[in-house]
Amino acid sequence: MTKVFIITGDYSGDIHAGRVAEILKQKNPELEIEGIGGENLKNAGVKLFTNQSKMGAVGLTPKILIEHLTLGKRVVDYITKDYKPDVVLLIDYGAFNLSVSKFLKRAGIKTFYYIPPQVWASRKWRINTIKKNIDRVLCIFPFEVDMYKSYGIETHYCGHPLVKQLPEKANRDEFFEKHGLDKNKKLVSIFPGSREFELHHLMKTFIKAGHKLKEKYPDVQFCVSHAPNLSDKVYHKYLKNTDFKVIKGENQALLSVSDSLILASGTVALEAALYNVPMIIAYKGPWLFYFIYLLVRCINMVSLPNIILGKITVPELIQGKLTVKNIVDETEKNLYDTNIREERINDLKEVKSKLSDMYSAEEVANQIIENI
């Protein structure tokens, strides 16, 4: 029997893995699939070696490191000595998956990597590990293909999963009515990140900027996106003296009905771009971490829309540039400067066309079936 093993490390990876597994099962019902994942992989009929919950921990504490090393040894032993799949599909989660890939290579197991580490953005030396241990890289950005091929790495462009998976824009009137928002006011939404340390470093500045904008423009209202993994108590600490609406579990709908966005950097910026909503990227952390980032980065842009377009169309307020004044100034442009707003929206419309219209999960499934 033909066998596949899939390794994911977080919730988004599990979503992508679940879609790939569903298509693999449709194309070959006899295919046996096991893996590390969550509910999406499980619901796709995949037998889980272990749940990915422990892999989602962030940090470099001895406990987290020991858990990752122990899990890595267990999964390598199982794959190489017991399960012996025809192919292993790694999805995102670079540090863990690249470590595992070394042992899979030694065991002679064919290994594909979907959503590979963004070596074009930082830590480019990791491409040498990919070259040594990965049989085929399944890219989600078109500009990755030439880079990997220049290193002699087998590469296939699958398209970005968000292009097909992103829901249609929400109905603005229905959304506003559901959440008690004023239909006659502009909506600025804040996405401060999904980790508590991000809220610690960002929220006070975001809230101050929001108050400044509300004082200056009575026709503006604010919403804050509540990451489901954080408690209500965490948000209340920052928002107790505001009238900002807090909306939980409706990220994409909130993005799609907003007039402008204040975002911590991440995939959410690409989602916003596909909805053609003007935004600013705002991020800061401890200065030591920032200086380390400067040492390992390969490009001078942080937001995916800018990287895809090859130019700054989304303002990036990083570290020292993250001030109340800068947030207010750039958000004003997004809302009230007709020429700038139109130019930024037109640029964002180009993002989707550059990503292509492929169904990414199906491309991945086809690559696996064609190579086993």
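Refer to the structure above for everything that follows.
Now for a description of the structure that goes with this document. Just so it is clear, the structure is predicted and the values come from calculations on it, not from any experiment.

**Notes on the packing of helix α9 (residues 196-216) against helix α10 (residues 232-239)**
At their nearest, the axes of α9 and α10 sit 10 Å apart, and the two run at 25 degrees to each other. One element, α9, and the other, α10, form an angle in the roughly parallel class. Of the two possible hands of crossing, α9 and α10 adopt the one that is right-handed. Contacts from E196, L199, H200, M203, K204 and I207 in α9 reach V234, Y235, K237, Y238 and L239 in α10. Among the residues making up the contact of α9 with α10, the classes are represented as seven nonpolar, one polar and three charged.

**Some remarks on the packing of aromatic side chains**
Counting across every chain of the model gives 10 aromatic pairs. Ring geometry for W287 versus F291: centroids 5.7 Å apart, planes at 40 degrees, classification tilted. Here F291 and W287 lie together in helix α13 (residues 287-296), a separation of four residues that amounts to about one turn. Judged by relative accessible area, which is 46%, F291 ranks as partly exposed. Of the aromatic side chains, those joined through ring pairs into one cluster are F5, F49, Y78 and Y83. One Lys or Arg, K3, reaches over the ring of Y83 and ends 4.7 Å from the middle of that ring. Positioned over the ring face of F103 is R106, at 5.0 Å from the centre of the ring.

**Describing the sheet that holds strand β6 (residues 136-139)**
Ordered by their spatial adjacency, seven strands build an open sheet running β3-β2-β1-β4-β5-β6-β7, and the pairing between neighbours is parallel. Only two strands of the sheet have a single partner each, and these edge strands are β3 (47-51) and β7 (155-157). Adjacent strand axes in the sheet meet at a mean angle of 15 degrees when their direction is disregarded. Strand direction decides the pairing type here: strand β4 (residues 87-91) and strand β5 (residues 111-114), joined by four bridges, are parallel. Among the inter-strand pairings, I91 is bridged to a residue of β5, identified as Y114. Lying on the sheet, helix α1 (residues 11-27) is in contact with β1 (3-7), β2 (32-37), β4 and β5; it crosses β2 at an angle near 175 degrees. Helix α17 (residues 360-370) contacts β1, β4, β5, β6 and β7 of the sheet and is inclined by roughly 170 degrees relative to β5.

**Comments concerning the pairing of β5**
Side chains T111 and Y113 of β5 all project onto a buried face; the interleaved residues F112 and Y114 project onto the opposite face, where all are buried too. Bridge count for β5 against β6 is three bridges, and the pairing is parallel. Residue pairing across strands places Y113 opposite V137, the latter belonging to β6. Since β5 and β6 lie parallel, the crossover through helix α5 (residues 126-133) that links them has a hand, and here it is right-handed.

**So, the pattern of salt bridges**
Side-chain pairing between opposite charges can occur once the charged atoms of the two side chains come close. For the coordinates displayed, the defined rule picks out 15 salt bridges. Residues D243 and K214 are paired through a salt bridge, measuring 3.7 Å at the closest nitrogen-oxygen approach. A residue pair is termed long-range when its members are at least 10 positions apart, and D243 in the loop between α10 and β10 (245-248) and K214 in helix α9 qualify at 29 residues. D243 gets classed as exposed once you look at its relative accessible area, which sits at 55%.

**Some words on the nonpolar core**
Counting residues in hydrophobic clusters, the biggest one holds 93 residues, and the most contacted among them are I7, L89 and L263. L263 has contacts with F191, L255, V268, A269, A272, M279, I280, I281 and A282, leaving out every residue within four places of it along the chain. Membership of the second largest hydrophobic core comes to 29 residues, among which are L199, A209, I280 and L335.

**Let's talk about unusual backbone geometry**
At I115, a position not held by glycine, the phi torsion is positive, near 60 degrees. With respect to the helices and strands, the residue I115 is situated in the loop between β5 and α5.

Conventions adopted
Residues numbered from 1 in each chain as written. Predicted model: local features only at pLDDT ≥ 70, side-chain atom pairs only at ≥ 80, totals over all residues. Heavy atoms only, no water. Axes fitted to C-alpha atoms, helices over the stretch in contact; angles between N-to-C directions. Helix = DSSP H or I, 4+ residues; strand = E, 2+ residues; numbered from the N terminus. Parallel < 35°, antiparallel > 145°, perpendicular 65-115°, else oblique. Left-handed = near helix turned anticlockwise from the far one by under 90°. Contact = heavy atoms within 4.5 Å. Nonpolar A, V, L, I, M, F, W, Y, C, P; charged D, E, K, R; others polar. Phe/Tyr/Trp six-rings, centres within 6.5 Å; stacked < 30°, edge-to-face > 60°. Buried < 20%, exposed > 50% of the residue type's maximum accessible area, 1.4 Å probe, protein only. Lys NZ or Arg CZ within 6 Å of the ring centre and 35° of its normal. Pairing = 2+ DSSP bridges. Right-handed = clockwise from strand over helix to strand, strands pointing away. Salt bridge = Lys/Arg side-chain N within 4 Å of Asp/Glu carboxyl O. Core = buried A, V, L, I, M, F, W, Y, C linked by side-chain atoms within 4.5 Å.

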